[in-house]
Amino acid sequence: MTSQQPLLNPPARGWRRALPGPDDVPEAAPGLFLKAPNHVDDVYLELPRHYLDMRGLVCWLSLGNIFLTLWLMSSAFPIGDDLSGSLMAIGTALISVWGVSIGLKLDASPPRDLPLRFNRLRRKIYAYEFEPIWWNPFTRWSVRAVSYDWDNVRAEAWSQGGATGGGVYYSKSGVVLSVVKPGTNEVIDRFQLRAKANDEGAWAYICTYMQKGPQALPPSKWKPRDWNNEPTVNPALIFAPKVKWPQVMDVESRTAPSEQQARVLE
């Protein structure tokens, strides 16, 4: 059942409502938006996620910023005998270097995919997460792979909006998956579902798979893609790292438990 008040501590940022739990009947129609699962069978389901929707665009914008900075330094703030002009030129250059570095790293550092795996026989979820450090483009931005029990996963719908300096209103929404400490509503981890315009349908798709298996899922008109090895001329994807699960977690997330483990799960 859904709730009109936040149940989790803390609630998701921009909390709108709680969605049905992992064993509840989904409210939305199960379905994915403009994508197919990376993999689905009787053992596990893997869904793709992307940190940025338009990879490569930020790279070109960052390169354009370099030319803009060079123009400003040579014309608007020329370095010479004028101390204030020299300081403005140096400051502009430093800010530009920082901004360009952030843009290039934000576009090229996220892995090609950030998959979520759901093993219905082990009743576990596996997430491949990217962790940027926004203010420091000169350090290593890392990824982490985590696993949690399916019974401790909760879903919350969120929405955020605002206005730009030009008065243009924008809004965005989605579903965040929260992991709670067993037997409590205390959140210990969160990750975005990132299914674009059909996040609630994607959550229903996941719950339907975990509850009833792949035979209960609607057929997808989209073909799965090998994000790790897909040919591309996109500079951001060329330099983006490939997905590489820890070996033990990779095997565990794709296989059924042993008979002894299965008896414990029952």
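Structural notes, computed from the coordinates. (Residues numbered from 1 in each chain as written. Predicted model: local features only at pLDDT ≥ 70, side-chain atom pairs only at ≥ 80, totals over all residues. Heavy atoms only, no water.)

**Section: the overall build of the protein chain**
Point 1. The number of helices and strands found in the protein chain is six helices and nine strands.
Point 2. For the protein chain, buried positions account for 43% of its 266 residues.
Point 3. Total accessible area on the protein chain is roughly 15100 Å²; 59% of this is exposed by carbon and sulfur atoms. (Helix = DSSP H or I, 4+ residues; strand = E, 2+ residues; numbered from the N terminus. Buried < 20%, exposed > 50% of the residue type's maximum accessible area, 1.4 Å probe, protein only. Areas by Shrake-Rupley, 256 points an atom, 1.4 Å probe, with all protein chains shown as cover.)

**Some details on the packing of aromatic side chains**
Point 1. Overall, the coordinates contain five aromatic pairs when judged by the stated rule.
Point 2. Taking the centre distance of 6.2 Å and the plane angle of 55° together, the rings of F130 and W141 count as tilted. Here W141 lies in the loop between β5 (124–131) and β6 (142–149) and F130 lies in strand β5, a separation of eleven residues in the sequence.
Point 3. A residue is classified by how much of its surface remains accessible, and F130, at 7% relative accessible area, is buried.
Point 4. Chaining the aromatic ring pairs together yields one cluster made of Y51, F130 and W141.
Point 5. One residue, R120, lies across the ring of Y209, its end atom 5.8 Å from the ring centre. (Phe/Tyr/Trp six-rings, centres within 6.5 Å; stacked < 30°, edge-to-face > 60°. Lys NZ or Arg CZ within 6 Å of the ring centre and 35° of its normal.)

**Quick notes on helix α5 (residues 247–254)**
Point 1. Restricting attention to buried positions, one finds in α5 the residues M249, D250 and S253. Projected down its long axis, α5 shows its buried positions confined to an angular sector of 105°, all on one face. What points out from α5, more than 90 degrees from its buried face, is the exposed set Q247 and V248. (Arc of directions from axis to C-beta.)

**What to know about the sheet that holds β5**
The strands that make up a sheet are held in pairs by hydrogen bonds between backbone atoms, and each pair lies either parallel or antiparallel.
Point 1. Taken in spatial order, the five strands make up an open sheet running β2-β3-β4-β5-β6, and their pairing is antiparallel. With partners counted over all chains shown, the strands left at the sheet margins are β2 (39–40) and β6, one partner each.
Point 2. In this structure, strand β3 (residues 44–47) lies alongside strand β4 (residues 116–119), joined through four bridges in antiparallel fashion. Following the sheet pairing, L45 is matched in β4 by F118.
Point 3. Of the strands in this sheet, β2, β3, β4 and β5 touch helix α3 (residues 199–212), which is tilted by about 165° from β3. (Pairing = 2+ DSSP bridges. Contact = heavy atoms within 4.5 Å. Axes fitted to C-alpha atoms, helices over the stretch in contact; angles between N-to-C directions.)

**Considering the environment of P132**
Point 1. Here P132 is to be found in the loop between β5 and β6.
Point 2. With eleven residues separating them along the chain, P132 and V143 place their C-alpha atoms 8.5 Å apart.
Point 3. Discounting residues that sit within four places of it in the chain, P132 has contacts with Y51 and W141.

**Some words on the nonpolar core**
Point 1. Core analysis: the largest hydrophobic core is formed by 27 residues, its most contacted members being F118, W150, L177, F191, L193, W203 and I206.
Point 2. Counting only elements with at least two residues in this core, the list comes to β3, β4, β5, β6, β7 (153–163), β8 (169–180) and α3.
Point 3. In terms of residue count, α3 provides more of this core than any other element does, seven residues in total.
Point 4. Sequence-distant contacts of I206, defined by excluding residues within four places in its chain, comprise L45, L47, F118, W150 and L193.
Point 5. Counting twelve residues, the second-largest nonpolar core is a separate cluster that includes I102, L114, Y128 and M249. (Core = buried A, V, L, I, M, F, W, Y, C linked by side-chain atoms within 4.5 Å.)

**Observations regarding the pattern of salt bridges**
Point 1. Under the defined criterion, the tally for this structure stands at 15 salt bridges.
Point 2. One salt bridge in this structure joins R225 and E230, with 2.6 Å as the shortest N-O distance.
Point 3. Assessed through its relative accessible area of 43%, R225 is described here as partly exposed.
Point 4. Taken together, the shared-partner salt bridges in this structure form one network comprising R16, R17, E27 and E200. (Salt bridge = Lys/Arg side-chain N within 4 Å of Asp/Glu carboxyl O.)

**So, the environment of A36**
Point 1. Along the chain, A36 falls in the loop between β1 (15–18) and β2.
Point 2. Here A36 falls in the buried class, since its relative accessible area comes to 7%.
Point 3. In this structure, the C-alpha to C-alpha distance between A36 and K221, residues 185 residues apart in sequence, is 7.7 Å.

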